[in-house]
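# Inside the fold
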Amino acid sequence: MIRLNHFIQRRAPLVKFTRQTLYARDKGKCQYCGNPFEPKDLTYDHVIPRSKGGQTEWTNVVICCAACNLRKGGRTPEEAGMFLVRKPKVPTWIPLLTMHLGIEKTPAPWRNYLYLNGELTS
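Residues numbered from 1 in each chain as written. Predicted model: local features only at pLDDT ≥ 70, side-chain atom pairs only at ≥ 80, totals over all residues. Heavy atoms only, no water.

### Structural notes on unusual backbone geometry
- Despite not being glycine, Lys-27 has its phi angle at roughly 55°, a positive value.
- The topology assignment puts Lys-27 in the loop between α1 (19-25) and β1 (42-46).
- For Lys-27, a relative accessible area of 48% translates into the label partly exposed. (Helix = DSSP H or I, 4+ residues; strand = E, 2+ residues; numbered from the N terminus. Buried < 20%, exposed > 50% of the residue type's maximum accessible area, 1.4 Å probe, protein only.)

### Some remarks on the pairing of strand β2 (residues 61-65)
- Counting buried residues along β2, five of its five residues qualify, which places the element largely inside the surrounding structure.
- Burial of β2 is two-sided: the residues Val-61, Ile-63 and Cys-65 facing one way and the residues Val-62 and Cys-64 facing the other way are all buried.
- Pairing geometry for β1 and β2, over five bridges, is antiparallel. Bridge pairing in β2 links Thr-43 to Cys-64. (Pairing = 2+ DSSP bridges.)

### Re the confidence of the model for the protein chain
- Mean pLDDT over the protein chain: 82, with 77% of residues reaching 70 or higher.
- Low confidence marks residues 117-122, where pLDDT is under 50. Its contacts with residues over four positions away, or in another chain, come to 14 contacts. (pLDDT = per-residue confidence, 0-100. Contact = heavy atoms within 4.5 Å.)

### Re a positive patch on the surface
- Together, Lys-27, Lys-29, Arg-86 and Lys-89 make up a region of like positive charge exposed at the surface.
- Its place among the elements puts Lys-89 in the loop between α3 (77-80) and α4 (93-101). (Patch = residues over 30% accessible without salt bridge, like charges linked within 9 Å, V, L, I, M, F, W, Y side chains within 5 Å. Areas by Shrake-Rupley, 256 points an atom, 1.4 Å probe, with all protein chains shown as cover. Salt bridge = Lys/Arg side-chain N within 4 Å of Asp/Glu carboxyl O. Lys, Arg positive; Asp, Glu negative; His and termini not counted. Charge placed at Lys NZ, Arg CZ, Asp CG, Glu CD.)

### With respect to the pattern of salt bridges
- Throughout the structure, instances matching the rule amount to four salt bridges.
- The closest approach of N and O atoms between Asp-45 and Lys-72, which form a salt bridge, is 3.2 Å. Of this pair, Asp-45 sits in strand β1 while Lys-72 sits in helix α2 (residues 66-72), and the two are 27 residues apart along the sequence.
- On the accessibility criterion, Asp-45 (5% relative accessible area) is buried.
- Under the relative-accessibility criterion, Lys-72 is labelled buried at 0%.
- Between Glu-79 and Lys-52 there is a salt bridge, and its shortest N-O distance comes to 2.6 Å. Taken together, the positions of Glu-79 in helix α3 and Lys-52 in the loop between β1 and β2 put the pair 27 residues apart, joining distant regions of the chain.

Here you go:
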């Protein structure tokens, strides 16, 4: 019999910040009006504009349509009278993988080998 004396927690892999992963995180929907669009019809928007100190990072950038981006301009959503559908956050890699593959739920046989929310699922 083997006994585990010490477990080393493995950190979840970081998701690279790209337009494609941003599109997958926001599920192809404008984060201001909530309407779905094709990737070519979407832009990205800094929630807190760069001119006001906002950074280009997961928690400050969302996908939006051109009309909403133009309406918001260089203002914060509050200043423009707009609301976010969902607060931007750093994604976990599993939802991005399943979104990219077009799978709604992670298949049961995969669950013993994949990390969900930073934990091994087995």
